[in-house]
Amino acid sequence: KAGVTQTPRYLIKTRGQQVTLSCSPISGHRSVSWYQQTPGQGLQFLFEYFSETQRNKGNFPGRFSGRQFSNSRSEMNVSTLELGDSALYLCASSYDPGTRSYEQYFGPGTRLTVT
Amino acid sequence: KNQVEQSPQSLIILEGKNCTLQCNYTVSPFSNLRWYKQDTGRGPVSLTIMTFSENTKSNGRYTATLDADTKQSSLHITASQLSDSASYICVVIRTSGNTGKLIFGQGTTLQVKP
């Protein structure tokens, strides 16, 4: 069974631009969560999608948005990029967030550098 | 406030030695606790998952313990190898309705030297 895949793996953008990151969950998984990881802040929750609906949202500005398609694939968009958006963006998939074990499987991440 | 604190922040040990990483949490209501290993530039990989009723769980050379009364967990690595060099993240799942919210610790960076 293939794991969580994220594309692209590396990305360099300049301030003010926008970027779209993609995540394909494990086959059969319906929940996709996005995280931002920086050396200073650690892993921070961005949002979670389940069945094309945003279920939970972290404390990030509206420049960060996402969506989920009917095949559970998800995209994350960041508009008007700032230098502080440079980070590793991780996607995690889960079969059923309603179960208390809530096992998540992480993808390899997309390294975004904003110059 | 729901928080997860890990110590030490970083650790250097010699290959073959044992080490223990600590995790204290103030998360309520508690669902379960897990330890992840994250290699540099990669996504985290789950090592162990424990519910409040479990005291210990092993995964090869990794053994996690949980004391739900004191809200403390530890991850013990036995006979360390160079490949154990990574960041170890403690995550506590807080029950929220019929789902869970993940509360992440800042991680402990372990470096194993030959």
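Above this text is the structure in question.
These figures come from a predicted structure and were not determined experimentally.

Peer 1: What is the right way to look at the sheet that holds strand β1 (residues 4-7) of chain B in this model?
Peer 2: What holds strands together in a sheet is hydrogen bonding between their backbones, with the strands either parallel or antiparallel. All names here are of chain B. Pairing within the open sheet is antiparallel, and its five strands lie in the order β1-β3-β8-β7-β6. Both outer strands of the open sheet, β1 and β6 (56-59), are each paired with one neighbouring strand and no more. In this sheet, adjacent strand axes meet at a mean angle of 15° when their direction is disregarded. Pairing of strand β7 (residues 62-67) with strand β8 (residues 72-77), which is carried by six bridges, proceeds in the antiparallel orientation. Bridge assignment links A64 to a residue of β8, and that residue is L75.

Peer 1: For this particular structure, what's the right way to read the sheet that holds strand β7 (residues 64-68) of chain A?
Peer 2: Residue and element names in this part refer to chain A. Strand order in the open sheet made by the four strands is β1-β3-β8-β7, with antiparallel pairing throughout. Edge strands, defined here as strands with exactly one partner in the open sheet, are β1 (5-7) and β7. Each neighbouring strand pair of the sheet contributes to a mean axis angle of 20°, computed without reference to strand direction. In terms of strand pairing, strand β3 (residues 19-24) meets strand β8 (residues 74-78) through five bridges, oriented antiparallel. Bridging across to β8, L21 finds its partner in M76.

Peer 1: Explain the layout of surface pockets to me, please; I cannot follow it from the model alone.
Peer 2: A water-sized probe, rolled over the atoms, reveals where empty space remains. Taken as a whole, the largest pocket holds about 790 Å³ of empty space. Residue assignment for the lining of the largest pocket shows that the elements contributing at least two residues are β4 (31-38), β5 (42-50) and β6 (53-57) of chain A together with β1 and β10 (99-104) of chain B. In terms of residue class, the lining of the largest pocket is built from nine nonpolar, twelve polar and six charged. Empty space within the second largest pocket amounts to approximately 520 Å³. Lining the second largest pocket we find 22 residues, and of these Q37(A), P39(A), Q38(B), S87(B) and T109(B) sit closest to its centre. Elements with a minimum of two residues in the lining of the second largest pocket: β4 and β5 of chain A together with β9 (86-96) and β11 (108-113) of chain B. Broken down by element, the lining of the second largest pocket gets its largest block of residues, three residues, from β9(B). Within the lining of the second largest pocket, the residues separate by chemical class into six nonpolar, 14 polar and two charged.

Peer 1: Would you mind showing me how to read the state of the cysteines here?
Peer 2: Counting across every chain of the model gives two disulfides over all chains. One disulfide bridge connects C23(A) with C91(A), the sulfur atoms lying 1.7 Å from each other. Disulfide C23(A)-C91(A): the torsion about the S-S bond is -50°, which places it as left-handed. One end of the pair, C23(A), is in strand β3; the other, C91(A), is in strand β9 (residues 87-94), with 68 residues separating them in the sequence. Side by side, C23(A) and C91(A) carry an identical accessibility label, which is buried. Residue C23(B) pairs covalently with C90(B) via a disulfide, S to S 2.0 Å. Disulfide C23(B) to C90(B): torsion about the S-S bond roughly -65°, handedness left-handed. Taken together, the positions of C23(B) in strand β3 (residues 19-25) and C90(B) in strand β9 put the pair 67 residues apart, joining distant regions of the chain.

About the cut-offs
- Residues numbered from 1 in each chain as written.
- Chains lettered and ligands numbered in written order.
- Predicted model: local features only at pLDDT ≥ 70, side-chain atom pairs only at ≥ 80, totals over all residues.
- Heavy atoms only, no water.
- Pairing = 2+ DSSP bridges.
- Helix = DSSP H or I, 4+ residues; strand = E, 2+ residues; numbered from the N terminus.
- Axes fitted to C-alpha atoms, helices over the stretch in contact; angles between N-to-C directions.
- 1 Å grid on protein atoms, 1.4 Å probe; cavity = no way out; pocket = protein on both sides within 12 Å on 5 of 7 lines; lining within 4 Å.
- Points joined across faces, edges and corners; volume = space filled by probe spheres on them.
- Nonpolar A, V, L, I, M, F, W, Y, C, P; charged D, E, K, R; others polar.
- Disulfide = S-S within 2.5 Å.
- Buried < 20%, exposed > 50% of the residue type's maximum accessible area, 1.4 Å probe, protein only.

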